[in-house]
Amino acid sequence: MQRISHANGVVTYVFDALASLPVRAHVATRHGGVSPPPWNSLNFSIFRGDTPERVRRNQERLADALTLDADAIIRCRQTHGVRVAKVDAGDAGQWQEDCDALITDTVDLPLMLVFADCTPVVLYDPLHHAVGVCHAGWRGTVNGVAAATLWAMQAAYGANPADVRAGIGPGIGPASYPVGPEVVDLAYAKLPAAANLFSHPKGATQPHFNLWQANAQQLADAGVPVGQIEISGIDTAQHTNDFFSHRAEQGRCGLFGMVAWLAERS
């Protein structure tokens, strides 16, 4: 990924694999907003104690940095589930209820999700010019939210997994993510080759889960070529200077965002 500093102080990361394609996907850092500690400063959540006014201003600052219409951004009331909402121009600016993924083939329609250790995933189909984004925490991951987003794009737009480009953004990395038996048991029940997704670092009392690889493997199993999947490798728990981390900051933090949209094709 590449780090971009914008004129108004907002800082985002973009995927190398999407750079030459008519799609935009920016993962915002915590920089350039107006919220005070512990949400400092570009926080997009009103459910962690920050005020709606500051969160709204933060969304406007991100939109200004990316030359987007803040009033057109579509967001989800995320539930750590696998529901996918198909949206178009008529949904601009609206909240989608109880979902963790958005898909569209409408140009210049920004889709936004929020995170604080969970994994941002973006999917782009260059043949049908469609984009999807999903929020993949451990529950969403083991229940297949990345694959559900891919299949929704296939059903809605005819996307062929072999054509899809995928980006897996900053999230908690395997070195920072010890998990309990409820995660291990469900992963083994739901995910093929689950044993490859857990490590046992020396001295650790719990297995560590690799959310990045779990989502990449899920997409590869669904037919996305491994060479078309970019994993950022940025561990939010080890980079709290740039990203919010629920685990590293013991829940006293905001949520960062990922926004993606389709550009006009030449």
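The coordinates are above.
Residues numbered from 1 in each chain as written. Predicted model: local features only at pLDDT ≥ 70, side-chain atom pairs only at ≥ 80, totals over all residues. Heavy atoms only, no water.

Enquirer: Quick one: what's the story with the pattern of salt bridges, residue by residue and with numbers?
Expert: Taken as a whole and judged by the stated rule, the model has seven salt bridges. Put simply, Arg56 and Asp71 hold a salt bridge, and the shortest N to O gap is 2.4 Å. Residue Arg56 is located in helix α1 (residues 52-66), and its partner Asp71 is located in the loop between α1 and β4 (74-76); the two are separated by 15 residues in the primary sequence. Asp71 sits in the exposed class, given a relative accessible area of 53%. For Arg77, the salt bridge identified is with Glu97, shortest N-O distance 2.9 Å. Within this pair, whereas Arg77 is found in the loop between β4 and β5 (84-86), its partner Glu97 is found in the loop between β6 (95-96) and β7 (101-104), the two being separated by 20 residues in sequence. The exposure class of Glu97 is partly exposed, given its relative accessible area of 43%. (Salt bridge = Lys/Arg side-chain N within 4 Å of Asp/Glu carboxyl O. Helix = DSSP H or I, 4+ residues; strand = E, 2+ residues; numbered from the N terminus. Buried < 20%, exposed > 50% of the residue type's maximum accessible area, 1.4 Å probe, protein only.)

Enquirer: How would you sum up the pairing of strand β2 (residues 11-14)? Please name residues and give values.
Expert: Across the two faces of β2 the burial is the same, with Val11 and Tyr13 and Thr12 and Val14 all buried. Inspection of the sheet shows strand β1 (residues 2-5) paired to β2 by four bridges, in the antiparallel sense. Across the sheet, residue Ile4 finds its bridge partner in β2, namely Thr12. Linkage of β1 to β2, two consecutive antiparallel strands, is achieved through a turn of five residues, within which Gly9 is found at a positive phi near 95°. Alignment of β2 against strand β3 (residues 23-28), held across three bridges, turns out to be antiparallel. Residue pairing in the sheet places Thr12 in a bridge with Ala28 of β3. (Pairing = 2+ DSSP bridges.)

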